[in-house]
Amino acid sequence: DVKATQKKVALEFTAGFAEDTRVAFGEKNENAYPTLWEAGDVVTISYDGRTTTYTLTADDISEDRKSADITAEFTLEADQMLAASGNVTATVGTEFVADNAVTQNGAKPAHYLMASANYPNETVLNFEHEVAYGKMTIEGLDDVELETVELTLTGAYGASYACTIDATYVTDNVFWFVTKP
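These numbers come from a predicted model, not from an experiment. Along each chain, the written sequence defines residue order, and numbers are assigned to residues from 1. Only residues with pLDDT of 70 or above have their local features reported here, since the model is predicted, and side-chain atom pairs are shown and tallied only from 80 upward, although totals for entire chains, interfaces and linings are computed over all residues. Note: side-chain values were computed over all heavy atoms of the structure, leaving out hydrogens and water.

(A) Quick look at the overall build of the protein chain. The helix and strand tally for the protein chain stands at 0 helices and 11 strands. Numbering of helices and strands starts at the N terminus; helices are DSSP runs of H or I of at least 4 residues and strands are runs of E of at least 2. For the protein chain, the succession of helices and strands along the chain, N to C, is β-β-β-β-β-β-β-β-β-β-β. Partly exposed describes any residue whose relative accessible area lies between the buried limit of under 20% and the exposed limit of over 50%, with all areas from a 1.4 Å probe on protein chains only and scaled to the type maximum. Out of the 181 residues in the protein chain, the part that is buried amounts to 36%. Pairs at least 24 apart in sequence give 62% of the contacts found in the protein chain among residues at least 6 apart. Accessible surface computed for the protein chain: about 11,100 Å², of which carbon and sulfur atoms make up 45%. Residue contacts are counted whenever heavy atoms from the two residues lie within 4.5 Å of one another. Using a 1.4 Å probe, the Shrake-Rupley method yields the accessible areas, and only the shown protein chains count as cover for residues.

Listed below in structure tokens is the structure:
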């Protein structure tokens, strides 16, 4: 709702994915899962000290689902203006928290993506993943009912992270997990 003393200002962007994006939510092709937009994805946009959100609709998303149109709409007082140019940042998802490292949905990992652009010279937001994703298949458990899965990830320099996954989120012996690289 806009009061009589306010106005709305909209900035238009196209959202895509950086070329080096490796893991995402589409059907696997060769050794990668393509990143795809879905209706309902929420993008948070910050510009000129203000923040707004935009929820994608099916009409916003390209046919191949690799790009989407985003409108960042800011409500200002009638005598206020947005800066004519500046840095825009955008995020999708929730910033990584170690205790929430495992997706709550076996079919689609929780994701956290970020993008930035220098508006108005750049109106394309190329999102990049800020977390690493893993997909694990548990085999040979045909007669076993899982309650939890214990997972320990060990990095190249010996640092490790352990978590317990509620088997409720294991679908067809497959689960996704998320960790910060």
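Read on, since the account is not over.
(B) A look at the sheet that holds strand 7 (residues 124–129). What makes two strands pair is DSSP finding at least two bridges between them. The strand order across the open sheet built from 7 strands is 3-2-5-6-7-1-4, with neighbouring strands paired in mixed fashion. Each edge of the sheet is formed by a strand with only one pairing partner; in this case those strands are strand 3 (50–55) and strand 4 (68–77). Sheet twist, expressed as the average angle between the axes of neighbouring strands with direction ignored, equals 30°. In this structure, strand 1 (residues 6–17) lies alongside strand 7, joined through 4 bridges in parallel fashion. When the sheet's bridge partners are listed, F17 is paired in strand 7 with F127. Orientation is described by axes fitted as lines to C-alpha atoms, over the contacting stretch for helices, and by angles from 0 to 180 degrees between their N-to-C directions.

(C) Just the packing of aromatic side chains, in detail. Each Phe, Tyr or Trp ring (for Trp, its six-membered ring) is paired with any other whose centre lies within 6.5 Å, and the angle between the two planes then decides the class: stacked below 30 degrees, edge-to-face above 60, tilted in between. Per the counting criterion, the structure on display carries 3 aromatic pairs. Taking the centre distance of 5.6 Å and the plane angle of 55° together, the rings of F13 and Y119 count as tilted. Of this pair, F13 sits in strand 1 while Y119 sits in strand 6 (residues 112–119), and the two are 106 residues apart along the sequence. Residue classification places F13 among the buried positions, given a relative accessible area of 3%. For the pair Y47 and Y119, a centre-to-centre distance of 5.6 Å together with 75° between the ring planes defines the contact as edge-to-face. Of this pair, Y47 sits in strand 2 (residues 42–47) while Y119 sits in strand 6, and the two are 72 residues apart along the sequence. The buried category is assigned to Y119, whose relative accessible area is 16%.

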